[in-house]
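# Analysis of the macromolecular model
Each chain, letter by letter, is given below.
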Amino acid sequence: MQRITLTEYLARNAGEAALADLIECIASACWSISNLVNVSALAGHQGSTDEINPHGEVQKPLDILADEVFVRSCSANANLSALISEEVEEITWVNPAQTGAYVLAYDPLDGSSNLDVDLSVGSIFAVSKLRSDSAEDVLPNGRNLLCSGYAIYGPSTMLVLTFGDQVDGFTLDDSTDSFVLTHPNMKVPQQACEFAINVSRQRHWDETIQSYVSDCLKGAVGPRQKAFNMRWTASMVADVHRILIRGGVFLYPIDAENAAAGGKLRLLYEAMPMAMIVEAGGGGATDGRIPLIDVVATTPHQRTSVILGAREEIDLIRAAYS
Ligand code: AHM
Ligand code: MG
């Protein structure tokens with residue numbers, strides 16, 4: 001197979017050299033975070049800190065370190081204006097607001113509850129452009145995202161990217177410290193036989209989710225007429241990566257317990273980038289009412305209901321909601 005590095009791929013596909021530069025900065029951050037994850041036990045970086053993030057969650061040492069890595073790697077980029085991080089309450093302005101400058105929304109280490117048990121975690125990001133010289137216009141609009149991606153720190157480290165038309169996956173080659181294209185044109189299989197949801201929340205679900213999951217559980221003799229398998233890793237990156245490779249559906253719905261907060265997952269640096277990736281891979285992503293990509297952000301840390309995966313399942317769930 002011809003070996004295409006991320007650098008070569010970006011030169012052909014990123015459109016603007018400045019965007020290619022920024023994605024290289026993000027990839028470099030992911031490479032550093034991958035190394036931090038690998039040695040976290042050796043470096044004494046397991047357990048929790050005394051720090052609380054904007055969502056009231058206790059931060060892990062690596063949540064903080066991974067955020068610092070993103071800031072260090074990306075803020076030197078002259079074309080970047082603002083950073084919106086899961087771990088930081090306020091938006092960080094690295095350069096004054098200017099029309100066309102980049103905004104990077106990111107979750108530096110998603111699924112970090114998995115760190116101490118050595119399961120897969122990841123980083124999620126989305127790049128957009130400031131629509132004006134006003135800082136008021138900083139919150140990205142899903143339809144105007146330039147690029148979304150995630151890194152997964154699993155048995156291998158991968159970077160998965162989309163500019164909106166297709167999804168391409170790169171594997172970190174430790175011998176050269178470079179990302180190499182190994183999964184070109186990733187597609188979500190259209191039929192699903194696997195669902196991912198945290199079933200411990202079942203008592204809080206609305207009727208649509210109750211009946212969707214109940215129908216899946218009835219197997220071949222139920223209305224879906226096929227046996228479904230179930231997986232839940234508590235790491236959205238790992239669950240979405242599995243869906244891109246072998247299909248399925250992922251649900252973190254708004255429910256009676258999380259409704260006051262608007263759901264659990266965050267729109268700008270979890271739901272929206274993953275929605276862009278899954279849609280570019282031929283799948284669907286909804287909050288139950290409208291495509292996730294059309295949900296309008298009014299605050300940086302806004303939460304949303306997330307349902308994404310094989311198109312057939314998304315259409316079924318959306319129809320049930322309407
Ligand atoms: P985090 O960004 O604080 O790690 O939270 C997001 C994670 C997702 O990766 C995952 O899908 C979800 O939280 C798991 O939640 P739960 O612990 O309720 O299963
Ligand atoms: Mg997260």
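None of these values were measured; they are calculated from a predicted model. (Residues numbered from 1 in each chain as written. Chains lettered and ligands numbered in written order. Predicted model: local features only at pLDDT ≥ 70, side-chain atom pairs only at ≥ 80, totals over all residues. Heavy atoms only, no water.)

### Regarding the packing of aromatic side chains
The criterion, for reference: Pairing of aromatic rings covers Phe, Tyr and Trp, the last through its six-membered ring, and needs centres within 6.5 Å; plane angles under 30 degrees mean stacked, over 60 mean edge-to-face, and all others mean tilted. Starting at the N terminus, helices and strands are each numbered in turn, a helix being any DSSP run of H or I of at least four residues and a strand any DSSP run of E of at least two. The buried label goes to any residue with under 20% of its type's maximum accessible area, the exposed label to any with over 50%, and the partly exposed label to all in between, with areas taken from a 1.4 Å probe on protein chains only.
Evaluation of the coordinates by the stated rule reveals five aromatic pairs. Plain terms: the ring middles of Tyr9 and Phe170 are 4.8 Å apart, the flat faces sit at 75 degrees to each other, and that makes the pair edge-to-face. Of this pair, Tyr9 sits in helix H1 (residues 6-13) while Phe170 sits in strand S7 (residues 167-173), placing them 161 residues apart in sequence. Phe170 carries the same exposure label as Tyr9, and that label is buried. When the ring of Phe195 is compared with that of Phe228, the centres are 6.4 Å apart and the planes differ by 55 degrees; the resulting orientation is tilted. Taken together, the residues Phe195 in strand S9 (residues 194-196) and Phe228 in the loop between helix H4 (207-217) and strand S10 (229-230) connect sequence positions 33 residues apart. Phe195 gets classed as buried once you look at its relative accessible area, which sits at 2%. Members of the aromatic cluster, connected to one another through ring pairs, are Trp232, Phe250 and Tyr252.

### Things to note about the site of ligand 1
Formally: When at least one non-hydrogen atom of a residue lies within 4 Å of a molecule or strand, that residue is treated as near it. Pairs of N or O atoms within 3.5 Å make up the polar contacts considered here, provided that, within protein, one atom can donate a hydrogen while the other can accept it, and that residues adjacent in sequence are counted only when both atoms are side-chain atoms. For every accessible area listed, the method is Shrake-Rupley and the probe measures 1.4 Å; residues are considered covered only by the protein chains on display.
The full set close to ligand 1 counts 17 residues, and Glu86, Asp110, Gly111, Met236 and Tyr252 are the nearest of them. A distance of 3.4 Å separates an oxygen atom of ligand 1 from a polar side-chain atom of Glu57. Contact distances for ligand 1 include 3.3 Å between an oxygen atom and a side-chain N or O atom of Arg266. Relative to its free-state accessible area of 470 Å², ligand 1 is covered by the protein chains to the extent of 85%.

### Here we look at the sheet that holds S10
Filter applied, for reference: Here, strands pair whenever DSSP counts at least two bridges between them. In what follows, a contact means two residues having at least one pair of non-hydrogen atoms within 4.5 Å. Between N-to-C directions, angles span 0 to 180 degrees; the directions come from axes that are lines fitted to C-alpha atoms, helices contributing only their stretch in contact.
Taken together, five strands build an open sheet; the order of strands is S10-S9-S11-S15-S13 and the sheet is mixed. On the outer flanks of this sheet lie S10 and strand S13 (284-286), each paired with one strand and no other. In this fold helix H6 (residues 267-280) packs onto S13 and strand S15 (306-309), with an angle of close to 25 degrees to the strand it touches most, S15. Where helix H7 (residues 311-321) meets the sheet, its contacts fall on strand S11 (249-252), S13 and S15, and the angle it forms with S15 comes to roughly 145 degrees.

### Observations concerning the coordination of the magnesium ion (ligand 2)
Rules: Nitrogen, oxygen and sulfur within 2.8 Å of a metal are treated as its donors, or within 3.2 Å for sodium, potassium and calcium (Na, K, Ca); water is not counted, so a site can appear incomplete.
Taken together, the protein donors to the magnesium ion (ligand 2) comprise Glu86 (OE), Asp107 (OD), Asp110 (OD) and Glu270 (OE), at separations of 1.8 to 2.5 Å. Written as a sequence motif, the donor residues of the magnesium ion (ligand 2) are E-x20-D-x2-D-x159-E. Pair noted here: Glu86 is in the loop between strand S1 (80-85) and strand S2 (92-93) and Asp110 is in strand S3 (residues 102-110), with a separation of 24 residues, a long-range link. Residue Asp110 is classed as buried on the basis of its relative accessible area, which comes to 6%.

### Overview of the pattern of salt bridges
Basically, it comes down to this: One side-chain nitrogen of Lys or Arg within 4 Å of one carboxyl oxygen of Asp or Glu is enough to make a salt bridge.
Using the criterion set out here, one finds 18 salt bridges in the structure. Across the pair Arg266 and Glu270 runs a salt bridge, and its minimum N-O distance is 3.0 Å. Classification of Arg266 as buried rests on a relative accessible area of 3%. In this structure, Arg311 engages Asp315 in a salt bridge whose closest nitrogen and oxygen atoms are separated by 3.6 Å. Remark: Asp315 and Arg311 occur in helix H7; sequence separation between them is four residues, near one turn of the helix. Judged by its relative accessible area of 29%, Arg311 falls in the partly exposed class. Residue classification places Asp315 among the partly exposed residues on the basis of a relative accessible area of 33%.

### Structural notes on unusual backbone geometry
One non-glycine residue, Asp177, lies in positive phi territory at about 55 degrees. Looking at the element boundaries, Asp177 is found in the loop between S7 and strand S8 (178-183). Asp177 sits in the partly exposed class, given a relative accessible area of 44%.

### A short note on the environment of Ala97
As for its placement among the helices and strands, Ala97 is situated in the loop between S2 and S3. By relative accessible area, Ala97 is classed as partly exposed at 21%. In the structure, Ala97 is positioned 34 residues away from Arg131 in sequence and 9.6 Å away in space, judged by C-alpha atoms. Setting aside chain neighbours within four positions, we find Ala97 in contact with Ser81, Leu130, Asp133, Ser134 and Ala135.

### Details of the domain arrangement of the protein chain
The condition that has to hold: For the purposes of this description, domain bounds are those given by an automatic or database domain assignment. When two components associate, each loses some accessible surface as probed by a 1.4 Å sphere; the sum of these losses over both components is called the buried area. When residue character is reported, Ala, Val, Leu, Ile, Met, Phe, Trp, Tyr, Cys and Pro are called nonpolar, Asp, Glu, Lys and Arg charged, and the others, Gly included, polar.
The domain boundaries assigned to the protein chain delineate domain 1 (6-183) and domain 2 (194-321). Inter-centroid distance (C-alpha atoms) of domain 1 to domain 2 is 23 Å. Taken together, the contact between domain 1 and domain 2 spans 45 residues of the former and 31 residues of the latter. Surface buried jointly by domain 1 and domain 2 totals about 2,700 Å² across both partners, of which 67% is contributed by carbon and sulfur atoms. Here domain 1 and domain 2 share three salt bridges between them. Linking Arg143 and Asp294 is a salt bridge whose minimum nitrogen-to-oxygen distance equals 2.8 Å. Where domain 1 meets domain 2, there are eight residue pairs in polar contact (both at pLDDT 80 or more). Going through the elements one at a time, S1, S3, strand S4 (121-129), strand S5 (147-153) and strand S6 (157-162) are the ones with two or more residues in the side of domain 1 that touches domain 2. Here the residues of the side of domain 1 that touches domain 2 are counted per class, giving 22 nonpolar, 16 polar and seven charged.

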